[in-house]
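Architecture at a glance
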Amino acid sequence: MALPKANRLRSRQDFQAVFREGLRRHSANFTLRALKPSSANSSSLDTAPKTQTSTLIGVSISTKVSKKAVVRNRLKRQITAAIGQLLPKLAPGWKLVVIVKPKAAETKCVSQQFLQELEQLLAQTEVFNGHS
């Protein structure tokens with residue numbers, strides 16, 4: 001299950017803003033970078049109403065994780081499926097980037113473990129609806 005187009009982080013400027021100003025949380029297989037809605041509106045001037053209505057999510061997997069594109073694409077599909085399950089719980093306006101660590105390809109972990117780790121990271125950054 002792919003992410004809806006309205007929830008995809010696409011532009012280079014958005015990725016750079018998240019990396020430059022976002023909060024950082026780590027787990028065994030992922031690093032989560034999260035940019036709050038208030039700072040997102042002040043830093044980017046392109047489409048403010050869009051950022052307020054939906055949470056934008058991007059997944060970053062470098063070739064350090066695996067040299068094989070098949071492995072990287074499989075991991076990305078598993079991560080986006082896990083995020084898709086958590087999407088209704090997320091508060092609107094956030095910009096999130098999930099960075100995959102090389103350990104994720106080595107451990108052969110399943111989607112359920114990815115879902116639990118992502119849920120813990122999102123809870124730590126208070127991205128869920130009850131914490132915004």
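Residues numbered from 1 in each chain as written. Predicted model: local features only at pLDDT ≥ 70, side-chain atom pairs only at ≥ 80, totals over all residues. Heavy atoms only, no water.

1. A short note on the overall build of the chain
Counting its secondary structure elements, the chain contains six helices and four strands. By the burial criterion, 45% of the 132 residues in the chain qualify as buried. Within the chain, contacts between residues separated by at least 24 positions form 78% of all contacts whose residues are at least 6 apart in sequence. Here the chain displays about 7300 Å² of accessible surface, and carbon together with sulfur accounts for 53% of that area. (Helix = DSSP H or I, 4+ residues; strand = E, 2+ residues; numbered from the N terminus. Buried < 20%, exposed > 50% of the residue type's maximum accessible area, 1.4 Å probe, protein only. Contact = heavy atoms within 4.5 Å. Areas by Shrake-Rupley, 256 points an atom, 1.4 Å probe, with all protein chains shown as cover.)

2. Some points on the environment of Ser-54
Note on placement: Ser-54 falls in the loop between α3 (48–53) and β3 (56–60). Residue classification places Ser-54 among the buried residues on the basis of a relative accessible area of 11%. Apart from residues no more than four positions distant in its own chain, Ser-54 is found in contact with Ala-6, Asn-7, Gly-93 and Trp-94. Engagement of the side chain of Ser-54 in a polar contact is seen with the backbone oxygen of Ala-6, the distance being 3.1 Å. (Polar contact = N/O pair within 3.5 Å; in protein donor to acceptor, adjacent residues only side chain to side chain.)

3. Brief notes about the pairing of strand β1 (residues 23–26)
Relative to strand β2 (residues 30–35), β1 runs antiparallel, the two sharing four bridges. If you follow Arg-24 over to β2, its bridge partner there is Arg-33. Adjacent in sequence and paired antiparallel, β1 and β2 are bridged by three residues. (Pairing = 2+ DSSP bridges.)

4. Brief notes about the confidence of the model for the chain
Caution is warranted with low-pLDDT regions, since their predicted coordinates should not be read in detail. Averaged over every residue, the pLDDT of the chain is 86; the share at 70 or more is 85%. When the criterion is pLDDT under 50, residues 39–45 qualifies, and its contacts beyond four places in sequence or with other chains add up to nine contacts. In this model residues 47–51 is a low-confidence stretch, pLDDT under 50, and it forms six contacts with partners more than four residues away in sequence or in other chains. (pLDDT = per-residue confidence, 0-100.)

5. Re the sheet that holds β2
Ordered by their spatial adjacency, four strands build an open sheet running β1-β2-β4-β3, and the pairing between neighbours is mixed. Single-partner strands in this sheet number two, and they are β1 and β3. Strand-to-strand twist in this sheet, taken as the mean axis angle between neighbours without regard to direction, amounts to 15°. With six bridges joining them, β2 and strand β4 (residues 95–100) adopt antiparallel strand pairing. Counted as the bridge partner of Leu-32 is Val-98 from β4. Across the sheet, helix α1 (residues 12–21) touches β1, β2, β3 and β4, and the angle it forms with β2 is around 100°. Packed on one face of the sheet, helix α4 (residues 69–86) meets β2, β3 and β4 and runs near 155° to β3. (Axes fitted to C-alpha atoms, helices over the stretch in contact; angles between N-to-C directions.)

6. So, the pairing of β2
Burial runs high along β2: six of the six residues are buried. Neither face of β2 is open: one carries Phe-30, Leu-32 and Ala-34, the other Thr-31, Arg-33 and Leu-35, and all of them are buried.

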